[in-house]
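Close look at the chain arrangement
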Amino acid sequence: MTEFGYTMENVLLPATSSSMIGFAVEYKPKLKVQPQDAVFTGDTVTLSCEPPDYTGWEFYWYKNSQNLQPLLIPENRHNNRVSVTVSTPGETKFQCGVRRPGDSRSYSSDTVQVTVRERLTPTVRVKPAQSVYIRERVTLTCDIRSGDDWKYEWKKKDGALHSSQRQGKEYTIPSVDTSDEGDYTCKRKGSSDRIYTHTSAPLTLTVSEIPKPTITSSSKGAALTGNTVTLYCTLGQSDGWTFYWFKRVHIPQITTSSYTIDSVSVSERGQYWCRAQRGSPHYYTDYYTDSDGFYLSITGE
């Protein structure tokens, strides 16, 4: 019983009408539960017990046939409404009963069943990566494992969000800038704007200047003809990149961060450049210029 919290609304019913006492009529009350649909752990539901008339009844409350009365604060039996906070998922049956003081007869409502669902916690996912570069397109997704017919609420710590960039569960920044750095959270809501999930853990987005890749070689100094040489194109962040290699013109079929020449010859001598691309639409890093490309020296001919 410790998973429920109870409060009483101060709704006092009229005093007993003596003319009604002793009527041999079964006064079956009606129990109303609000809300009854889409109830999640942590929600508060209101139970209202409605007898055929409102004269002098005492009210009793039950959850899964267990008496809730000892947990009600204050324990005022003349209140016909209580609020119950639910924190355990599953099927829960509520019932109320009424009795007049001094009368041994009591009358019970039908049970009302409420399905309490676990309040989920969404996860913020990001494309192309948490660490991005100026002018990249960034898409944040509020990921939850059930249902699509929801509203989503996005927040950025210490910053405003552009409502025009939010579409459903996604929040898109078409051209990211350093002002977009920060912690982003989301939660999911229903059509009535009640919050149906916990708030996600924050995702921290960092934005850096446009990178320029660097090229290194497996060969220390000039490469000997006939040997294998590997050139490496390196970025500070390597998530999701496709690489392009150039030697005067584009070198086709090489899309990885390394370019290997199995048996190097004099014809491979010269200036090499690399460039990286990721995302949709494509985002490209800077090229190397002629002055700072990588020159591969060949010796031993």
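This text follows the structure it describes.
Residues numbered from 1 in each chain as written. Predicted model: local features only at pLDDT ≥ 70, side-chain atom pairs only at ≥ 80, totals over all residues. Heavy atoms only, no water.

**Focus: the sheet that holds strand β19 (residues 214-217)**
Taken in spatial order, the 3 strands make up an open sheet running β19-β21-β24, and their pairing is antiparallel. In this open sheet, the two strands that pair with only one neighbour each are β19 and β24 (258-261). This sheet shows a mean twist of 15° between the axes of neighbouring strands, independent of strand direction. Two elements, β19 and strand β21 (residues 229-234), share 4 bridges in a ladder whose sense is antiparallel. Each bridged residue has a counterpart across the sheet, and for serine 217 the counterpart in β21 is leucine 231. (Pairing = 2+ DSSP bridges. Helix = DSSP H or I, 4+ residues; strand = E, 2+ residues; numbered from the N terminus. Axes fitted to C-alpha atoms, helices over the stretch in contact; angles between N-to-C directions.)

**A word on the state of the cysteines**
In total, this model carries 3 disulfides according to the counting rule given. A sulfur-sulfur separation of 2.1 Å characterises the disulfide bridge that pairs cysteine 49 with cysteine 96. Because the sign of the S-S torsion sets the handedness, a value of about 70° for the bond joining cysteine 49 and cysteine 96 places this disulfide among the right-handed ones. Separated by 47 residues along the polypeptide, cysteine 49 in strand β4 (residues 44-50) and cysteine 96 in strand β8 (residues 90-99) bring together distant segments of the chain. Of the two residues, cysteine 49 and cysteine 96, neither departs from the other in class, the shared state being buried. Each sulfur of the disulfide joining cysteine 142 and cysteine 186 lies 2.1 Å from the other. Here cysteine 142 and cysteine 186 share a disulfide; its torsion about the S-S bond, 80°, makes the bridge right-handed. Remark: cysteine 186 occurs in strand β17 (residues 182-189) and cysteine 142 occurs in strand β13 (residues 138-143); sequence separation between them is 44 residues. Neither residue differs from the other here; cysteine 142 and cysteine 186 are each classed as buried. Along the protein, the cysteines that take part in disulfide bonds pair up as 1-2, 3-4, 5-6, counted in sequence order. (Disulfide = S-S within 2.5 Å. Buried < 20%, exposed > 50% of the residue type's maximum accessible area, 1.4 Å probe, protein only.)

**Some words on the nonpolar core**
Counting 22 residues, the largest nonpolar core has Val138, Leu140, Trp154, Ile173, Val176 and Leu205 as its most contacted members. Mapped by element, the contributors of at least two residues to this core are β11 (123-127), β13, β14 (151-156), β16 (170-173), β17 and β18 (203-208). Counting 21 residues, the second largest nonpolar core, distinct from the first, contains Tyr27, Leu31, Leu47 and Cys96. (Core = buried A, V, L, I, M, F, W, Y, C linked by side-chain atoms within 4.5 Å.)

**Details of unusual backbone geometry**
Cis rather than trans, the peptide bond between glutamine 34 and proline 35 has omega equal to -10°. Structurally, proline 35 is set in the loop between β2 (30-34) and β3 (39-40). Here the bond from lysine 127 into proline 128 is cis, since omega is 5°, no more than 30 degrees from zero. For proline 128, the position within the fold is in the loop between β11 and β12 (131-133). The phi dihedral of serine 65 falls on the positive side, at around 70°, and the residue is not glycine.

**Side note on the pattern of salt bridges**
Counted under the stated rule, the structure contains 8 salt bridges. Note that aspartate 143 and arginine 125 form a salt bridge whose closest N and O atoms lie 2.7 Å from each other. On the criterion of sequence distance, the pair formed by aspartate 143 in strand β13 and arginine 125 in strand β11 is long-range, its members being 18 residues apart. According to the relative accessible area criterion, arginine 125 is partly exposed, its value standing at 48%. Salt-bridge contacts for lysine 155 lead to glutamate 153; the nearest nitrogen and oxygen are separated by 3.8 Å. (Salt bridge = Lys/Arg side-chain N within 4 Å of Asp/Glu carboxyl O.)

**Quick look at the sheet that holds β12**
The 4 strands lie next to each other as β12-β18-β17-β14, forming an open sheet whose pairing is mixed. The open sheet has two free edges, formed respectively by β12 and β14, since each of these has just one partner strand. Neighbour-to-neighbour, the strand axes of this sheet turn through a mean angle of 30°, independent of strand direction. Pairing of β14 with β17, which is carried by 6 bridges, proceeds in the antiparallel orientation. For lysine 151, the partnering residue across the bridge sits in β17 and is lysine 189.

**Here's the deal with the pairing of strand β25 (residues 270-278)**
Sheet faces and side chains relate simply in a regular strand, where the side chains alternate between the two faces. In terms of residue burial, β25 counts as a mostly covered element, since 8 of its 9 residues are buried. Relative to β25, strand β22 (residues 242-247) is paired through 5 bridges, and the arrangement is antiparallel. The residue of β25 that forms the bridge with threonine 242 is glutamine 277. Relative to strand β27 (residues 294-296), β25 runs antiparallel, the two sharing 3 bridges. Each residue of the ladder has a partner; that of glycine 270, found in β27, is leucine 296. Note: β25 against strand β26 (residues 283-284), 2 bridges, orientation antiparallel. Bridge pairing links arginine 278 to tyrosine 283 in β26.

**Details of the packing of aromatic side chains**
Aromatic ring pairs are reported here in terms of the distance separating the ring centres and the angle at which the planes meet. Inspection of every chain in the model, using the stated rule, returns 8 aromatic pairs. With a centroid separation of 6.0 Å and 50° between ring planes, the pair formed by tyrosine 133 and tryptophan 241 is classed as tilted. Within this pair, whereas tyrosine 133 is found in strand β12, its partner tryptophan 241 is found in the loop between β21 and β22, the two being separated by 108 residues in sequence. With respect to class, tyrosine 133 is no different from tryptophan 241; both count as buried. Taken together, a centroid distance of 5.8 Å and an interplanar angle of 35° make the contact between tryptophan 245 and tyrosine 259 tilted. Of this pair, tryptophan 245 sits in strand β22 while tyrosine 259 sits in strand β24, placing them 14 residues apart in sequence. We note that tryptophan 245, like tyrosine 259, is buried. (Phe/Tyr/Trp six-rings, centres within 6.5 Å; stacked < 30°, edge-to-face > 60°.)

It is worth stressing that arrangement in space is one thing and function is another; only the former is reported here.
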